[in-house]
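What follows is each chain in one-letter form.
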Amino acid sequence: MEKIRFGQTDLEVSVLVLGTWVTGGWAWGDADDGQSLRAILRALELGINFIDTAPVYGFGRSERIVGQALKEWGARDAVVIATKCGLEWDEKENIRRNASPARIRQEIDQSLERLGVERIDLYQIHWPDSKIHLETSMETMLKLQVAGKIRYIGVSNCNREQIMACRSVGQVHSLQPPYNLFERESEKDLLPFCQANGIATMAYGGLCRGLLTGKFSGEETFPRGDLRRADPKFKPDRFRQYVKAVDQLKRVAEKYHKSVAQFALRWVLQQPGITTVLAGARTAAQVEENVGVTGWQIQPEDLEAVEKILTTRIKTPIGPEFMSPRRE
Ligand SMILES: NC(=O)c1ccc[n+]([C@@H]2O[C@H](COP(=O)([O-])OP(=O)(O)OC[C@H]3O[C@@H](n4cnc5c(N)ncnc54)[C@H](OP(=O)(O)O)[C@@H]3O)[C@@H](O)[C@H]2O)c1
């Protein structure tokens, strides 16, 4: 597994980060806890040492399972744990942004307990909260750092101005932006900004909610509770358009004896300003496939071929729909 220095931190992390949203059994259909646990342990065995979770992923469930995996794995210090704060929910699972100092202070203690650790390696503001100045949220994060509850501070789903607001208070070590072959908004100014300022990035959505795994025919429908049900990318015409593009991408991937999922994740890693890429995995088999992202390179002529496929096949520009924490 390729490792990389994570921005200006002293963390050495795997370039592939295990995402554990699916582990929470919420918004992607239910999850099997035993299977989730095996997937995490398999990731650790295969050299992934960076795991991303959040309280909202299953309302504590994902963090608890990550905590259980850490306990079984034993070597806590060999694993870099990233979690988040700034969202709250009610008993009906309605989610609201809340990055107030009181909420952050409450969340950190709950996360430490669920994860069974004394310190979080990377603590990220999940979504900026328009009701609270980011500087105020950031001041609370800095206090947690001084108190030794977190090592490094990151943000997620923030634009340049929002990152600058945070940086006016203290060091922002990382950004988690959406980024994949089909959704490239972040490359306009966000990734160059991070690169210029030594901010590490963790690209999420690398498989575009499963679209880039090549497993869809374009005819699928999704059950209630699956966020793809409301995602415009999975509405008939657009969905088929992506599937056709994936069919062509598959042919380029085959030149490298790689699956389209491995190819899509590799493509993300080769883009300027990208430090790491996240991939969620429901099963150990998915982890095994996704680790095939490392140890090889897409050649320049094939990067060009990819651009041609995207410009000829994808007629719908990327929209802002990715940028919402809501489920349906
Ligand atoms: N900061 C944020 O706001 C934010 C937002 C989204 C995600 N994230 C993070 O990023 C991580 C990745 O999430 P994502 O949204 O980017 O999801 P993703 O990685 O694009 O897709 C993950 C889903 O695709 C399927 N999958 C994964 N590997 C596969 C394979 N090799 N073959 C077939 N199917 C495969 C699995 O679901 P099925 O088996 O059900 O198809 C899996 O749950 C999350 O877990 C989370 O940690 C963060």
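Residues numbered from 1 in each chain as written. Predicted model: local features only at pLDDT ≥ 70, side-chain atom pairs only at ≥ 80, totals over all residues.

Novice: Break down the overall build of the protein chain for me, citing the residues and quoting the values.
Specialist: A count of helices and strands for the protein chain gives ten helices and twelve strands. Against the globule reference of 20 Å for 328 residues, the protein chain gives a C-alpha radius of gyration of 19 Å, in line with a compact fold. If you line up the protein chain on its principal axes, its C-alpha atoms span 50 × 40 × 40 Å. Across the 328 residues of the protein chain, 47% fall into the buried class. If you take every contact in the protein chain between residues at least 6 apart in sequence, the share linking residues at least 24 apart comes to 77%. (Helix = DSSP H or I, 4+ residues; strand = E, 2+ residues; numbered from the N terminus. Rg over C-alpha atoms; globule rule 2.2 N^0.38 Å. Buried ≥ 20, exposed ≤ 12 C-beta atoms within 10 Å, placed from the backbone. Contact = placed C-beta atoms within 7 Å.)

Novice: Provide a residue-level description of the site of the ligand, including the pertinent values.
Specialist: As a matter of local geometry, the ligand sits amid 28 residues, with Gly19, Trp21, Val22, Leu207 and Gly280 nearest to it. Those elements that place two or more of their residues in the shell around the ligand are β12 (276–280) and α9 (284–290). (Near = placed C-beta within 6 Å.)

Novice: Report on the pairing of β12, specifying residues and quantitative values.
Specialist: Counting buried positions along β12 gives five out of five residues, so the element sits mostly inside the fold. Where burial is concerned, the two faces of β12 agree: the one with Thr276, Leu278 and Gly280 and the one with Val277 and Ala279 are both buried. Relative to β12, strand β3 (residues 16–19) runs parallel, the two sharing four bridges. Bridged to Leu16 within β12 is Val277. Bridge count between strand β11 (residues 200–203) and β12: two bridges; the pairing is parallel. Bridge assignment links Ala203 to a residue of β12, and that residue is Val277. (Pairing = 2+ DSSP bridges.)

Novice: Let's hear about unusual backbone geometry: which residues, and what values?
Specialist: We note that Arg209 has phi near 55 degrees; this positive angle belongs to a residue other than glycine. Among the secondary structure elements, Arg209 is positioned in the loop between β11 and α7 (236–254). Taking the number of C-beta atoms within 10 Å as the measure of exposure, Arg209 has 21 and is therefore buried. Within the chain, His257 stands out as a residue other than glycine whose phi angle is a positive 55 degrees.

Novice: Describe helix α5 (residues 160–167), with residues and values.
Specialist: Inspection of α5 places Ile163, Ala165 and Cys166 among the buried residues, and these make up the whole buried set. End-on view of α5: buried residues confined to an arc of 155 degrees, all on one side of the axis. For α5, the elements touching its buried residues are α4 (134–146), β9 (150–156) and β10 (174–176). (Arc of directions from axis to C-beta.)

Novice: Go over the packing of helix α1 (residues 33–45) against helix α2 (residues 61–73) with me, naming the residues and quoting the values.
Specialist: At a minimum axis separation of 9 Å, α1 and α2 run at an interaxial angle of 50 degrees. Relative to α2, α1 is oriented oblique. The crossing of α1 and α2 is right-handed. Residues Asp33, Ser36, Leu37, Ile40, Leu41 and Leu44 of α1 form the contact with α2, whose own contacting residues are Ile65, Val66, Gln68, Ala69, Glu72 and Trp73. (Axes fitted to C-alpha atoms, helices over the stretch in contact; angles between N-to-C directions. Parallel < 35°, antiparallel > 145°, perpendicular 65-115°, else oblique. Left-handed = near helix turned anticlockwise from the far one by under 90°.)

Novice: So what's going on with the nonpolar core? Which residues, and what values?
Specialist: One finds Leu16, Ile40, Leu212, Ala264, Leu265, Val268 and Val277 to be the most contacted residues of the largest nonpolar core, which totals 85 residues. When residues of this core are assigned to their parent elements, the largest contribution, eight residues, is made by helix α8 (residues 260–269). What Leu265 contacts, discounting residues up to four positions off in sequence, is Leu16, Gly206, Val277, Ala279, Asn290 and Val293. Counting residues in hydrophobic clusters, the runner-up holds ten residues, among them Trp26, Ala27, Ala31 and Tyr57. (Core = buried A, V, L, I, M, F, W, Y, C linked by C-beta atoms within 7 Å.)

Novice: Can you tell me about the environment of Val287, naming the residues and giving the values?
Specialist: In this structure, Val287 sits in helix α9. Classification of Val287 by C-beta neighbours within 10 Å gives buried; the count is 24. Between the C-alpha atoms of Val287 and Ser137, which are 150 residues apart in sequence, the distance is 34 Å. Those residues in contact with Val287 that lie beyond four places of it in its chain are Ala39, Arg42, Ala43, Leu46 and Ala281.

Novice: Describe the environment of Ile132, listing the residues and the values that go with them.
Specialist: Within the secondary structure, Ile132 sits in the loop between β8 (120–125) and α4. Ile132 gets classed as partly exposed once you count the C-beta atoms within 10 Å, which come to 19. In this structure the C-alpha to C-alpha distance between Ile132 and Glu118, which are 14 residues apart in sequence, comes to 28 Å. Ile132 has contacts with Ala99, Ser100 and Ser137, leaving out every residue within four places of it along the chain.

Novice: With reference to specific residues and values, describe the sheet that holds β3.
Specialist: The strands making up a sheet are joined through hydrogen bonds of the backbone, oriented either antiparallel or parallel. The sheet built from eight strands closes into a barrel, its strands ordered β3-β4-β5-β8-β9-β10-β11-β12 with parallel pairing. When the angles between neighbouring strand axes are averaged without regard to direction, this sheet yields 30 degrees. In this structure, β10 lies alongside β11, joined through two bridges in parallel fashion. Note on β11: the bridge partner recorded for Ser174 is Ala200. In the packing of α4 onto the sheet, contacts are made with β8 and β9, and the angle to β9 comes to roughly 160 degrees.

Novice: How would you summarise α2 if you had to cite specific residues and measurements?
Specialist: A rise of 1.5 Å per residue sets the reference length of α2, with its 13 residues, at 18 Å; its end C-alpha atoms lie 18 Å apart and thus fit the reference within 8%. All of the buried residues in α2 are Arg61, Ser62, Glu63, Ile65, Val66, Ala69 and Leu70. Looking at the packing, one finds that the buried side of α2 touches α1, β4 (50–52), β5 (80–85) and α3 (101–115). One or two residues past the end of α2 sits Gly74, with phi positive at roughly 90 degrees. (Expected span 1.5 Å × (residues − 1).)

Novice: Hey, could you go over the confidence of the model for the protein chain for me, with residue numbers and the actual values?
Specialist: Put simply, the protein chain has an average pLDDT of 92, and 95% of its residues get 70 or more. Segment residues 319–328: pLDDT under 50, and 16 contacts once partners within four positions in sequence are set aside and those in other chains are kept. (pLDDT = per-residue confidence, 0-100.)

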